[in-house]
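Structure assessment
The lines below spell out each chain.
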Amino acid sequence: MTQYNNLTVSLTYVSNDSQNAWAYLSGTGIAAGWRKIKTGASDGVTNVFILLSAAQSSGKKVNADIDESNLITCAYLL
């Protein structure tokens, strides 16, 4: 797992499918692109999605942990 700092959240996406939430991330050290929020705990997916949506709407940066499968496992609002 790798932590990326000072990322910009440009877009977020969620569907009515269970635990299907995504964010478009860009920043230093990470290739810009869509990253899925890791599934497994519905409250966890919802909470990370809300945090990423807040970052997008407010223009704030985030730090995010991304695993080997390019899934967002954790995020921190800066």
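In what follows, the structure referred to is the one given above.
Residues numbered from 1 in each chain as written. Predicted model: local features only at pLDDT ≥ 70, side-chain atom pairs only at ≥ 80, totals over all residues. Heavy atoms only, no water.

There is a patch of nonpolar side chains on the surface, built from L11, Y13 and W34 and spanning about 310 Å² of accessible area. By the element assignment, Y13 lies in strand β1 (residues 2–14). (Patch = residues over 30% accessible without salt bridge, like charges linked within 9 Å, V, L, I, M, F, W, Y side chains within 5 Å. Areas by Shrake-Rupley, 256 points an atom, 1.4 Å probe, with all protein chains shown as cover. Salt bridge = Lys/Arg side-chain N within 4 Å of Asp/Glu carboxyl O. Helix = DSSP H or I, 4+ residues; strand = E, 2+ residues; numbered from the N terminus.)

Turning to the pairing of β1, a few remarks are in order. In this sheet, strand β4 (residues 62–66) lies alongside β1 in antiparallel orientation, the contact comprising 4 bridges. When the sheet's bridge partners are listed, L7 is paired in β4 with V62. Sheet topology note: the β1/strand β2 (residues 21–27) ladder contains 6 bridges and is antiparallel. Each residue of the ladder has a partner; that of Y13, found in β2, is W22. What sits between β1 and β2 in their antiparallel hairpin is a turn of 6 residues, with Q19 showing a positive phi close to 55 degrees. (Pairing = 2+ DSSP bridges.)

Turning next to the pairing of strand β5 (residues 72–77). As judged from the 5 bridges shared by β4 and β5, these two strands associate in the antiparallel manner. Residue pairing across strands places D65 opposite C74, the latter belonging to β5. Hairpin connection between β4 and β5: a loop of 5 residues separates the two successive antiparallel strands, and N70 in this loop has a positive phi of roughly 65 degrees.

Attention shifts here to unusual backbone geometry. Of note in this structure, Q19 is not a glycine but carries a positive phi near 55 degrees. Following the sequence through the fold, Q19 ends up in the loop between β1 and β2.

Our focus in this paragraph is the sheet that holds β4. Read from one edge to the other, the open sheet built from 5 strands follows the order β3-β2-β1-β4-β5, with strand pairing classed as antiparallel. The sheet is open, and its two borders are formed by β3 (30–36) and β5, each paired with just one other strand. Averaged over all adjacent pairs, the angle separating strand axes in this sheet is 40 degrees, with direction ignored. On top of the sheet, helix α1 (residues 42–58) reaches β1, β2, β4 and β5; it is set at about 90 degrees to β1, its chief contact. (Axes fitted to C-alpha atoms, helices over the stretch in contact; angles between N-to-C directions. Contact = heavy atoms within 4.5 Å.)

Moving on: the packing of aromatic side chains. On inspection of all chains with the given rule, the structure shows 1 aromatic pair. Ring centres of Y24 and W34 lie 5.6 Å apart, and the angle between their planes is 80 degrees; on these two criteria the pair is classed as edge-to-face. In this pair, Y24 is assigned in strand β2 and W34 in strand β3, connecting sequence segments 10 residues apart. On the accessibility criterion, Y24 (26% relative accessible area) is partly exposed. Here W34 falls in the partly exposed class, since its relative accessible area comes to 39%. (Phe/Tyr/Trp six-rings, centres within 6.5 Å; stacked < 30°, edge-to-face > 60°. Buried < 20%, exposed > 50% of the residue type's maximum accessible area, 1.4 Å probe, protein only.)

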